Amino acid sequence: MATRLRFTISDDICLLREVLAVNPYEDSSRWSDIHNKIREGTGKDFCLRTVKDHVQHLVQLWKKEDKANLRKSGTEEQYGEKEQLLQQITDMARDFTGKSSKGDPIINARQKGVEERDLALLNFQVTTSISSSPTEISEVSSDISLPLQETSENSVEVTTQRSRKRKGGQLSSDIMKFMEQKQKDEVAWREQQQQLEREKFELEKQERLHRIEMERKQQAMMEKIINLLGNK
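Being a predicted model, the structure only gives us computed values, none of them experimental.

Cut-off values and rules
- Residues numbered from 1 in each chain as written.
- Predicted model: local features only at pLDDT ≥ 70, side-chain atom pairs only at ≥ 80, totals over all residues.
- Heavy atoms only, no water.
- Helix = DSSP H or I, 4+ residues; strand = E, 2+ residues; numbered from the N terminus.
- Contact = heavy atoms within 4.5 Å.
- Areas by Shrake-Rupley, 256 points an atom, 1.4 Å probe, with all protein chains shown as cover.
- Buried < 20%, exposed > 50% of the residue type's maximum accessible area, 1.4 Å probe, protein only.
- Salt bridge = Lys/Arg side-chain N within 4 Å of Asp/Glu carboxyl O.
- 1 Å grid on protein atoms, 1.4 Å probe; cavity = no way out; pocket = protein on both sides within 12 Å on 5 of 7 lines; lining within 4 Å.
- Points joined across faces, edges and corners; volume = space filled by probe spheres on them.
- Nonpolar A, V, L, I, M, F, W, Y, C, P; charged D, E, K, R; others polar.
- Phe/Tyr/Trp six-rings, centres within 6.5 Å; stacked < 30°, edge-to-face > 60°.
- Expected span 1.5 Å × (residues − 1).
- Arc of directions from axis to C-beta.

### Section: the overall build of the chain
At step 1: Looking only at helices and strands, the chain features 7 helices and 0 strands.
At step 2: Within the chain, residue pairs in contact and separated by at least 24 positions form 69% of the contacts whose partners lie at least 6 positions apart.
At step 3: Approximately 16400 Å² of the chain is accessible, and the part contributed by carbon and sulfur atoms is 53%.

If you want it as structure tokens, here you go:
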């Protein structure tokens, strides 16, 4: 019969530190990274589902102020760090819960506004080009002066048809160029936003790691001071 793996308070702290540093609430695929780090750090073969469920279990215990189950066996310093990590993780989860997986709503709204603006501009160009065609046809017709009325009318008709074809071809070409440029601009904009998101994540990760390291040093310093006072 397989032995059931259990989390010690040291395992809990290791797990919570990793959750705070990686922030899986922003991107759920990061749970896999946390899972691998915990298996390496604890030497225990926890499955991914167990890791996720245990974090949720600890958060729920902390929200219910179930201190008896949170403490387990451990020192006051370990329990203090565990509480602090749970507080920070709860705040972090609240900040990211409910966000759309498609991205930031402000960015999506801005992109939609750009698309609507481009569509309106395109409609304006098409309408302007169509409304200007009769004037151009009239100008071409007025320049024709042949002796015979029949020849003149035929020439005007031919010229008008050619003018319309040229106008239609130019309009189609302008629309295609506009759509191609619009697509290029959208791709460049999306790449820029993705780069900004990656830089933001790396910065936040470094800040969290730095804060954890500082808190760890402060706890070590407090333990030394307590030991020195106890020896006196």
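### Digging into unusual backbone geometry
At step 1: You will see that N23, though not glycine, has its phi angle at about 60°, which is positive.
At step 2: When you line up the elements, N23 lands in the loop between α1 (9–22) and α2 (31–42).
At step 3: N23 gets classed as buried once you look at its relative accessible area, which sits at 0%.

### Remarks on the pattern of salt bridges
At step 1: Counted according to the given criterion, the structure contains 11 salt bridges.
At step 2: With a closest N to O distance of 2.7 Å, D11 and K44 form a salt bridge. Here D11, found in helix α1, pairs with K44, found in the loop between α2 and α3 (48–63); they are 33 residues apart in sequence, far enough to count as distant.
At step 3: Given a relative accessible area of 7%, D11 falls into the buried group.
At step 4: Where E186 meets R190, a salt bridge forms, and the shortest distance between an N and an O atom there is 4.0 Å. A residue pair is termed a helical-turn pair when its members lie 3 or 4 positions apart in one helix, as E186 and R190 do in helix α7 (residues 149–231) at 4 residues.

### Examining empty space enclosed by the protein
Think of a ball as big as a water molecule: rolled over the atoms, this probe shows where empty space is left.
At step 1: Applying the stated rule across the entire model yields 2 cavities of 30 Å³ or more.
At step 2: Roughly 40 Å³ of volume is contained in the largest cavity.
At step 3: Breaking the lining of the largest cavity down by element, the ones donating at least two residues are α5 (76–96) and α7.
At step 4: Counting residues per element, the lining of the largest cavity draws most heavily on α7, which supplies 4 residues.
At step 5: In terms of residue class, the lining of the largest cavity is built from 2 nonpolar, 2 polar and 3 charged.

### Considering the packing of aromatic side chains
At step 1: Following the criterion strictly, the structure yields 2 aromatic pairs and no others.
At step 2: Measuring from ring centre to ring centre gives 4.0 Å for F7 and F46, while their planes differ by 5°; the resulting arrangement is stacked. Here F7 is found in the segment before α1, whereas its partner F46 is found in the loop between α2 and α3, with 39 residues between them in sequence. The same class applies to F7 as to F46, namely buried.
At step 3: On the numbers, 6.2 Å between centres and 85° between planes, the contact of Y25 with W31 is edge-to-face.
At step 4: The class for Y25 is partly exposed, based on a relative accessible area of 24%.

### Digging into α3
At step 1: Here α3 is 16 residues long and its end C-alpha atoms lie 23 Å apart, about the 22 Å a rise of 1.5 Å per residue gives.
At step 2: Three or more residues of α3 are buried, namely V51, H54, V55, L58, V59 and L61. For α3, the buried positions fall inside an angular range of 160° around the axis, keeping them on one side. Away from the buried face of α3 by more than 90 degrees, exposed residues R49 and K63 are located.
At step 3: At the C-terminal side of α3, E65 shows a positive phi close to 60°.

### What about α1?
At step 1: Its 14 residues place the ends of α1 20 Å apart at the C-alpha level, agreeing with the 20 Å of an ideal helix rising 1.5 Å per residue.
At step 2: Across the 14 residues of α1, 11 count as buried, placing the element largely inside the fold.
At step 3: Buried within α1 we find I9, D11, D12, I13, L15, L16, E18, V19, L20, A21 and V22.
At step 4: Trailing α1 by a residue or two, N23 shows a phi angle of about 60°, which is positive.

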